[in-house]
Amino acid sequence: MIRALTLVVGLVILVAIGGIGAGAYVFWQYGRDLPDYRQLETYTPDVMTRIYAGDGRLVTEYAIEKRVFVPYNAIPKVVVNAFISAEDQRFFEHAGVDFMGVARAALTNVKQAGSGRRPVGASTITQQVAKNFLLSNEVSFARKVKEAILAMRIEQAFSKEHILELYLNEIYLGRGSYGVAAAAMNYFNKSLDELTIAEVAYLAELPKAPNNYNPQRYPEAALARRNWVIGRMAEDGHITAVDADKAIAEPLQINIRAETEFVDHSAYFAEDVRRDIVNRYGEKALYKGGLAVRTTLEPKYQDIATRALRNGLVAYDRRHGWRGPMGHIDLDQSWGIRLRDAQVGVGMDEGWLRAVVLKVDAQAATVGFVGGKRGTIPLEQFRWARPHLPNQDLGPSVKAPSDVVKPGDIVAVEPVEGKDTYGLRQIPEVNGAIVAMDPHTGRVLAMVGGFSHDRSEFNRATQAMRQPGSAFKPFVYLTALENGYKPTDLILDAPFVLEVQGQAKWKPQNYENDFYGPTTLRIGVEKSRNLMTVRLADAVGMTKVVATAKRFGIADRMLPVLSMSLGAGETTVLQLTSAYAMLVNGGKRVIPTLIDRIQDRDGKTIYRHDARPCEGCNGVFWTGEAVPELADGRQQIADPISAYQVVHILEGVIDAGTGRQMKSIGKPLAGKTGTSNDSVDTWFMGFSPDLVVGVFVGFDEPKSLGKHEAGATAAGPIFKEFMEQALKDKPGTPFRIPPGTRLIRINHDTGQRAEPGDRNVIFEAFRPGEAPGSSRTVSGSGAPVVEAPVDAGVPKSGGLY
């Protein structure tokens, strides 16, 4: 008997030793080369980056996982307790692996063997942290062993609170919700501290399988699981029986989070900000870094810019006729479904509707909409829709709606005055851009890069390189003024011929194809005289003009050939707007920016556009003390008096030149039209003392806008509409005059000092020691033979008007 007992004990000891050895081997085998759990000490979850406008409103968000990180001490206790009751009742007692829970789960699985039920798991919260952060979702014995080993190591290294913080911020709870804070918003449109016990219990049921407890698809299963969690919370002593009964009686009602409100019409602006951040910090920082980006965008100006650009492009498009319907469908009984499914009309303006023509008679067309509603387009609303012909010409006048549309045509319409009455609309083929900037800081207040971002993401404000035409001329004249010329000096307006060796003669012309003889430099700008500009550039020297263009950031590479003086080089709307900003601000360099400040996930400022030190700017609250004065560190890149002389001359463009239509705005303004050769690119660049705006209009595939189109007709109305709205409530601040400037009354037409009886008298700006009249007359013929620079080709005509 004793011998048998000894044998049994020996076998038990051997089995135990073998078990311990096997266990040690398993831990040794699977414990090697495990991920470093110590990285969890500095947990930095993937957090969305938010882009804010200048007024604090949200522009957009960028994230792969939309998560809002909440530290443990900010998570309500009821939320913590709900997840512990649902997922790991003995969390605060075990050391990473709940062996009692493992045994209980094993027994349950044995009892359910062959029943077809899903096996019961026993993973603790710590094991889930190990799996979510350090391992994969692979279903295997090896992964479970590694998970257990890591869980025990994590428990030894970190506090229970830190483990819970990791778990509650990382776990996926369905509906794109990463972490409990995001889930609270997405399911109940509440913050964590606003949740009821019943709502918390519902969130705590989701880790097992969010899709299986969707209350809209599986309401009974979702309710039963929620009530089970409530029961567990009461059983564990986290809530009272009364609280549990009240929570169970509460209906399970999901309150879908309202769509996040973003600043309207900001897609082009936001995309340029996105590219800037990626260039600075990389895509990981953008989509996972939780940056807070404070931009320069002013939503009011952005709305005005968007509407002005769209109205201007539509107006141009209507002047050049009807290109046809967006599509065509068969008019059978299912026409409404066909209209709904038609893949046309992307990028329509706000307020436009997609419709199908159902019937056409002599006075109107009947149209139908998705849903069955009907309306009419009267003949008057078709009058503009003459056939579009090549070279932007127009076909015959519209006599009846049938000249434009036929039944089955899909068209864009917009409600007009009258019941169920609509106007015919057309998405413009032409495109353009507008930029509004603070000239003193370079802050871009508004930027629209095209008619519709949905239709084309290409940003014509920053990506399109186009010829500025005559909009470049002010920088030719600035170069002359900085080299001793006066606004009253005379430049010969006469034919100019340049013979380029081995090429045809270059003969630039004025827009009107006429000549006015000796004319003041001022009038040369106001009337945009090409021949005067070329002759002046020739006299001053194109090398100096190119240096000015580079200094003002218009172009880094510009050939020193005379055609460049007429704007035959290429630049962007943003670059040219920045250059004009440096004219109006007195010749001080500004760097255009869309971003004021960037903060990291911890609130630390990692970028600031205005980098000037300010020792008195660190206080959180302002109590009435004096505002700190900051040093002006902007580089002076042009003589301030010369810059003002150009500004003053450009005021004349508005008063008596090619920008006369802007005079009705009734505020101090200056500006310049620009039209490249054959009216391919059209511009209007203009400014008030504190706001500079650049507008471009042209086709994406460069071609003529039409023989009667120019900067004044295509781009000018867009500038005018923007400035009318933007300056409506602003005081009429005059342009600032730099110290030392002499304002002398002159005869505008002759440039001589004004005499009694002169009618067209203005104040002209001079330097100290200068006087009215011409101290020189530029009359060069431009006849010498020159050698063409490498790759210069035949000089282009450049700006015309």
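Reading the values: rules and limits
Throughout, residues of each chain are indexed from 1 in the direction in which the sequence is written. Totals for whole chains, interfaces and linings use every residue, but because this is a predicted model, local features are given only for residues with pLDDT of at least 70 and side-chain atom pairs only at 80 or more, for both listing and counting. Side-chain calculation: all heavy atoms of the structure are included, whereas hydrogens and water are not. Segments assigned H or I by DSSP are reported as helices when at least four residues long, segments assigned E as strands when at least two residues long, and all are numbered from the N terminus. Summary of the burial criterion: residues with accessible area below 20% of their type's maximum are buried, those above 50% are exposed, and those between are partly exposed, where the area comes from a 1.4 Å probe applied to protein chains only. The criterion used for residue contact is that any of the two residues' heavy atoms lie within 4.5 Å. The rule for pairing is simple: two strands pair if DSSP sees at least two bridges between them. Lines are fitted to the C-alpha atoms to define the axes, a helix being fitted only along its stretch in contact, and any angle between axes, read from their N-to-C directions, falls within 0 to 180 degrees. Points on a 1 Å grid over protein atoms alone make up a cavity when a 1.4 Å probe fits among them but cannot get out, and a pocket when they form an open set with protein on both sides within 12 Å along at least five of seven lines; lining residues each have an atom within 4 Å of a point. Grid points are joined across faces, edges and corners, and a volume is the space filled by probe spheres set on the points. For this classification, Asp, Glu, Lys and Arg are treated as charged, while Ala, Val, Leu, Ile, Met, Phe, Trp, Tyr, Cys and Pro are nonpolar and the rest, including Gly, are polar. Buried Ala, Val, Leu, Ile, Met, Phe, Trp, Tyr and Cys residues that are joined via side-chain atoms within 4.5 Å together make up what is termed a nonpolar core. What counts as a salt bridge is simple: a side-chain nitrogen of Lys or Arg found within 4 Å of a carboxyl oxygen of Asp or Glu. Every angle not falling under 35 degrees, over 145, or within 65 to 115 is termed oblique; those three ranges are roughly parallel, roughly antiparallel and roughly perpendicular. Within 6.5 Å between ring centres, the rings of Phe, Tyr and Trp (the latter by its six-membered ring) count as paired, and their orientation is classed by plane angle as stacked under 30 degrees, edge-to-face over 60, tilted in between. Each residue after the first adds 1.5 Å to the expected span of a helix. Known as pLDDT, the predictor's confidence for each residue is given on a scale from 0 to 100. Rotating anticlockwise by less than a right angle from the far helix to the near helix defines a left-handed crossing, while the corresponding clockwise rotation defines a right-handed one. The definition of a polar contact used here is a pair of N or O atoms within 3.5 Å, where within protein one atom must be able to donate a hydrogen and the other to accept one, and adjacent residues in sequence count solely through side-chain atom pairs. Note on patches: the residues involved have over 30% relative accessible area and no salt bridge, like charges join within 9 Å, and the nonpolar side chains Val, Leu, Ile, Met, Phe, Trp and Tyr join within 5 Å. Areas reported here follow the Shrake-Rupley algorithm with a probe of radius 1.4 Å; residue values treat only the protein chains shown as occluding. All tallies of charge rest on Lys and Arg as positive and Asp and Glu as negative; His and the ends of each chain are not included. Positions of charges follow a simple convention, taking NZ of Lys, CZ of Arg, CG of Asp or CD of Glu.

*Asks:* What exactly am I supposed to notice about the overall build of the protein chain here?
*Replies:* The helix and strand tally for the protein chain stands at 21 helices and 25 strands. Burial statistics for the protein chain: of 801 residues in total, 50% are counted as buried. A separation of at least 24 residues holds for 70% of the contacts in the protein chain among residues at least 6 apart in sequence.

*Asks:* What exactly am I supposed to notice about the side chain of Ser85 here?
*Replies:* Mapped onto the elements of the fold, Ser85 is located in helix H2 (residues 77-87). Here Ser85 falls in the buried class, since its relative accessible area comes to 0%. Look past the residues within four positions of Ser85 in its chain and what remains in contact with it is Arg232, Met233, Asp236 and His238.

*Asks:* Just to check I follow, could you spell out the sheet that holds strand E14 (residues 490-493) for this structure?
*Replies:* Strands in a sheet are paired, the pairing made by backbone hydrogen bonds, and the direction either parallel or antiparallel. Taken in spatial order, the 3 strands line up as E16-E14-E24 in an open sheet, and their pairing is mixed. Whereas interior strands pair on both sides, the edge strands pair on one side only; in this sheet they are strand E16 (517-520) and strand E24 (777-778). Against the sheet, helix H17 (residues 530-540) touches E14, E16 and E24, its axis set at about 125 degrees to E14.

*Asks:* Just to check I follow, could you spell out empty space enclosed by the protein for this structure?
*Replies:* A water-sized probe rolled over the atoms picks out the places where empty space is left. Here the structure, examined in full by the defined rule, presents 2 cavities of 30 Å³ or more. Roughly 50 Å³ of volume is contained in the largest cavity. Around the largest cavity, the lining residues are Tyr316, Asp317, His320, Gly321, Arg323, His388, Gln392, Glu429 and Phe699. Of the residues contributing to the lining of the largest cavity, the split by class is 2 nonpolar, 4 polar and 3 charged.

*Asks:* I keep staring at the environment of Trp228 and nothing clicks. Help me out?
*Replies:* Take Trp228: it is sitting in helix H9 (residues 219-235). Sequence separation between Trp228 and Glu205 is 23 residues, and the spatial gap between their C-alpha atoms is 8.7 Å.

*Asks:* Just to check I follow, could you spell out the nonpolar core for this structure?
*Replies:* One broad trend across soluble globular proteins is that nonpolar side chains are buried collectively. In terms of nonpolar packing, the biggest core is built from 87 residues, with Phe475, Phe552, Tyr580, Leu583, Leu650 and Phe687 touching the most fellow members. Here this core takes 9 residues from helix H19 (residues 573-584), the largest share from any one element. Leave out the neighbours within four places in its chain, and Tyr580 touches Ala471, Pro474, Phe475, Leu650, Lys672, Met685, Phe687 and Val692. Membership of the second largest hydrophobic core comes to 53 residues, among which are Ile84, Leu173, Val180 and Ile254.

*Asks:* Looking at this model, I keep getting lost on the pattern of salt bridges. Mind explaining?
*Replies:* Note that side chains of opposite charge can pair when their charged atoms are close. According to the stated counting rule, one finds 38 salt bridges in the structure shown. Linking Asp420 and Lys373 is a salt bridge whose minimum nitrogen-to-oxygen distance equals 3.9 Å. Taken together, the positions of Asp420 in the loop between strand E10 (409-415) and strand E11 (422-425) and Lys373 in the loop between strand E6 (364-368) and strand E7 (374-378) put the pair 47 residues apart, joining distant regions of the chain. In this structure Lys373 comes out as partly exposed when scored by relative accessible area, which is 46%. Within this structure, Glu271, Asp272, Arg274 and Arg275 form a network of salt bridges that share partners.

*Asks:* Where do I start with the packing of H19 against helix H20 (residues 640-656) in this structure?
*Replies:* For any two helices packed against each other, the geometry comes down to the angle between their axes and how far apart the axes lie. Between H19 and H20, whose axes approach to 8 Å, the crossing angle comes to 105 degrees. By the angle between their directions, the pair H19 and H20 is classed as roughly perpendicular. Counted together, Tyr580, Leu583 and Val584 of H19 and Ala643, Val646, Val647 and Leu650 of H20 form the full contact between these two elements. Classifying every residue of the contact of H19 with H20 gives 7 nonpolar, no polar and no charged.

*Asks:* I'm lost on the sheet that holds strand E17 (residues 595-599) in this one. Help?
*Replies:* Read across the sheet, 5 strands follow the order E2-E1-E3-E17-E18 without closing on themselves; strand pairing throughout is mixed. The open sheet has two edge strands, strand E2 (58-62) and strand E18 (605-608), and neither has a second partner. Taking the axes of each pair of neighbouring strands and ignoring which way they run, one obtains an average angle of 15 degrees across the sheet. Pairing of strand E1 (residues 49-52) with E2, which is carried by 4 bridges, proceeds in the antiparallel orientation. By the bridge assignment, Tyr52 is partnered in E2 with Leu58.

*Asks:* In this structure, what is going on with the layout of surface pockets? I would like to understand it.
*Replies:* The volume enclosed by the second largest pocket comes to roughly 550 Å³. As for the second largest pocket, its lining consists of 18 residues, of which Thr441, His609, Asp610, Ala611 and Arg612 are closest to the centre. Here the lining of the second largest pocket is composed, by residue class, of 3 nonpolar, 5 polar and 10 charged.

*Asks:* Explain the packing of aromatic side chains to me, please; I cannot follow it from the model alone.
*Replies:* What describes a pair of aromatic rings is the distance from one ring centre to the other and the angle between the planes of the rings. Inspection of every chain in the model, using the stated rule, returns 19 aromatic pairs. With a centroid separation of 4.8 Å and 50 degrees between ring planes, the pair formed by Tyr172 and Tyr178 is classed as tilted. Here the aromatic rings of Phe684 and Phe719 are separated by 4.7 Å at their centres, their planes lie at 40 degrees, and the arrangement is tilted. Placement of the pair is Phe684 in strand E20 (residues 682-688) and Phe719 in helix H21 (residues 711-726), with a sequence separation of 35 residues. Here Phe684 and Phe719 have matching classes, each one buried. Through a chain of ring-to-ring contacts, the aromatic side chains of Phe472, Phe475, Phe552, Tyr580, Phe687 and Phe735 assemble into a single cluster.

*Asks:* Got a minute to help me understand unusual backbone geometry in this structure?
*Replies:* For residues that are not glycine, phi is negative in most cases, and the peptide bond is trans in most cases. At Arg175, a residue that is not glycine, the phi angle is positive and equals roughly 55 degrees. Within the secondary structure, Arg175 is located in the loop between helix H6 (160-170) and helix H7 (180-188). Overall, Arg175 belongs to the partly exposed group, its relative accessible area being 34%. Positive phi is not limited to glycine here, since Asn189 has a value of about 55 degrees. Among the secondary structure elements, Asn189 is positioned in the loop between H7 and helix H8 (197-205). Relative accessible area serves as the criterion here: at 32%, Asn189 is assigned to the partly exposed category.

*Asks:* It is not clear to me how helix H11 (residues 267-281) should be interpreted in this structure. Could you clarify?
*Replies:* What sets the pattern is the α-helix's 3.6 residues per turn: residues three or four places apart point alike. If you check H11, its first and last C-alpha atoms are 21 Å apart, about what 15 residues at 1.5 Å a residue would give, namely 21 Å. For H11, the elements touching its buried residues are E1, E2, helix H12 (283-288), strand E3 (292-295), strand E13 (444-448) and E17. A positive backbone phi angle near 95 degrees is found at Gly282, which sits one or two residues after H11.

*Asks:* Looking at this structure, how should I read the confidence of the model for the protein chain?
*Replies:* Caution applies to low-pLDDT parts of the model: their predicted coordinates are not meant to be read in detail. Here the protein chain averages 89 in pLDDT, and 89% of its residues register 70 or above. Overall, residues 783-801 carries pLDDT values under 50, and its contacts beyond four positions in sequence, including any with other chains, amount to 63 contacts.

*Asks:* What exactly am I supposed to notice about the packing of helix H15 (residues 473-482) against H19 here?
*Replies:* Contact geometry of H15 with H19 gives a least axis separation of 11 Å together with a crossing angle of 35 degrees. For the pair H15 and H19, the crossing hand works out as left-handed. Together, Pro474, Phe475 and Leu478 of H15 and Leu576, Ala579, Tyr580 and Leu583 of H19 make up the contact between the two elements. When its residues are assigned to classes, the contact of H15 with H19 shows 7 nonpolar, no polar and no charged.

*Asks:* Teacher, can you tell me more about the environment of Pro207 here?
*Replies:* Structurally, Pro207 can be placed in the loop between H8 and H9. Sequence separation between Pro207 and Ile171 is 36 residues; the distance between their C-alpha atoms is 7.2 Å. Setting aside residues up to four positions removed in sequence, Pro207 forms contacts with Phe83, Glu87, Tyr167, Ile171 and Leu173.

*Asks:* What's the story with H20 in this structure? I'm lost.
*Replies:* With 17 residues, H20 extends 24 Å from end C-alpha to end C-alpha; this agrees with the ideal 24 Å at 1.5 Å per step. With a side-chain oxygen positioned 3.2 Å from the backbone nitrogen of Ile641, the residue opening H20 is Asp639.

*Asks:* When you look at a negative patch on the surface in this model, what are you seeing that I'm missing?
*Replies:* A grouping of Glu261, Asp264, Asp303 and Glu350 is seen on the molecular surface, where their side chains present a negatively charged patch. Within the secondary structure layout, Glu350 lies in the loop between helix H14 (335-341) and strand E5 (353-360).

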